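# Summary of the model geometry
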Amino acid sequence: MDGRVPVIVVDAANVVGSRPDGWWRDRAGATARLRDRLGDVASEGIERGPSWARGGPVEVLLVAEGRARGVASSDTVTVVDAPGSGDDTIAALAAEHAPHRRCLVVTSDRGLRQRVERAGGSVVGARAVA
């Protein structure tokens, strides 16, 4: 996708974990359901985000870790399998993208929030997409 299009990076573990719907029994299945719920974000953006993240288009990256890895990407959401820590992968994506285009990370993890903001990205809580 064009580097000028904003990117939204979603912390799958954090967002999935914010809903007590039995996700722990099938982490990959819960991540696939989240991917599907995020389908419209690429064209519509995130209503609870900064003004530039509302409306579209935006690029959506969903970061999966641990037993949630292996979920296929969709036409509108790219699933990124973290080779180790999801937080490290998300922070690296923010550091990669934030200098060149607007970058919004969806997570409620305070430590990750600080890392993303240091890299120049913005953060909204998991409830923005949960």
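Here, every reference points to the structure presented above.
Computed from a predicted model, the values in this text were never measured in an experiment. (Residues numbered from 1 in each chain as written. Predicted model: local features only at pLDDT ≥ 70, side-chain atom pairs only at ≥ 80, totals over all residues. Heavy atoms only, no water.)

## Some details on the overall build of the protein chain
Assigned secondary structure in the protein chain consists of five helices and five strands. For the protein chain, the sequential pattern of α-helices and β-strands runs β-α-α-α-β-β-α-β-α-β. In terms of overall dimensions, the protein chain is globule-like: its C-alpha atoms have a radius of gyration of 13 Å, near the 14 Å expected for 130 residues. Overall, the protein chain is about 40 × 30 × 25 Å in size when its C-alpha atoms are taken along their principal axes. Among the 130 residues that make up the protein chain, the fraction classed as buried is 45%. Counting only contacts in the protein chain whose residues sit at least 6 apart along the sequence, the fraction spanning at least 24 positions is 56%. With an accessible surface of roughly 6,600 Å², the protein chain has 45% of that area assigned to carbon and sulfur atoms. Charge centroids of the protein chain, computed over 18 positive and 17 negative side chains, lie 5 Å from each other. (Helix = DSSP H or I, 4+ residues; strand = E, 2+ residues; numbered from the N terminus. Rg over C-alpha atoms; globule rule 2.2 N^0.38 Å. Buried < 20%, exposed > 50% of the residue type's maximum accessible area, 1.4 Å probe, protein only. Contact = heavy atoms within 4.5 Å. Areas by Shrake-Rupley, 256 points an atom, 1.4 Å probe, with all protein chains shown as cover. Lys, Arg positive; Asp, Glu negative; His and termini not counted. Charge placed at Lys NZ, Arg CZ, Asp CG, Glu CD.)

## Considerations on the environment of Arg54
The topology assignment puts Arg54 in the loop between helix H3 (41-44) and strand S2 (59-64). Residue class for Arg54 comes out partly exposed when judged on its relative accessible area of 41%. With 66 residues separating them along the chain, Arg54 and Gly120 place their C-alpha atoms 19 Å apart. Not counting residues up to four positions away in its chain, the partners in contact with Arg54 are Glu44, Ile46, Glu47 and Gly49. A polar atom in the side chain of Arg54 sits 2.9 Å from the backbone oxygen of Gly49. (Polar contact = N/O pair within 3.5 Å; in protein donor to acceptor, adjacent residues only side chain to side chain.)

## Points about the nonpolar core
Ile8, Val10, Leu34, Leu38, Val60, Leu62 and Val106 are the most contacted members of the largest nonpolar core, which has 27 residues in total. Of all the elements in the fold, those that place two or more residues in this core are strand S1 (7-11), helix H1 (12-17), helix H2 (27-37), H3, S2, strand S3 (77-81) and strand S4 (103-106). Sequence-distant contacts of Val106, that is, excluding residues within four places in its chain, are made with Ile8, Val9, Val10, Asp11, Val15, Ile46, Val124, Gly125, Ala126 and Val129. If you look at the next biggest cluster of nonpolar residues, it comprises 15 residues, including Ala82, Ile90, Val116 and Val123. (Core = buried A, V, L, I, M, F, W, Y, C linked by side-chain atoms within 4.5 Å.)

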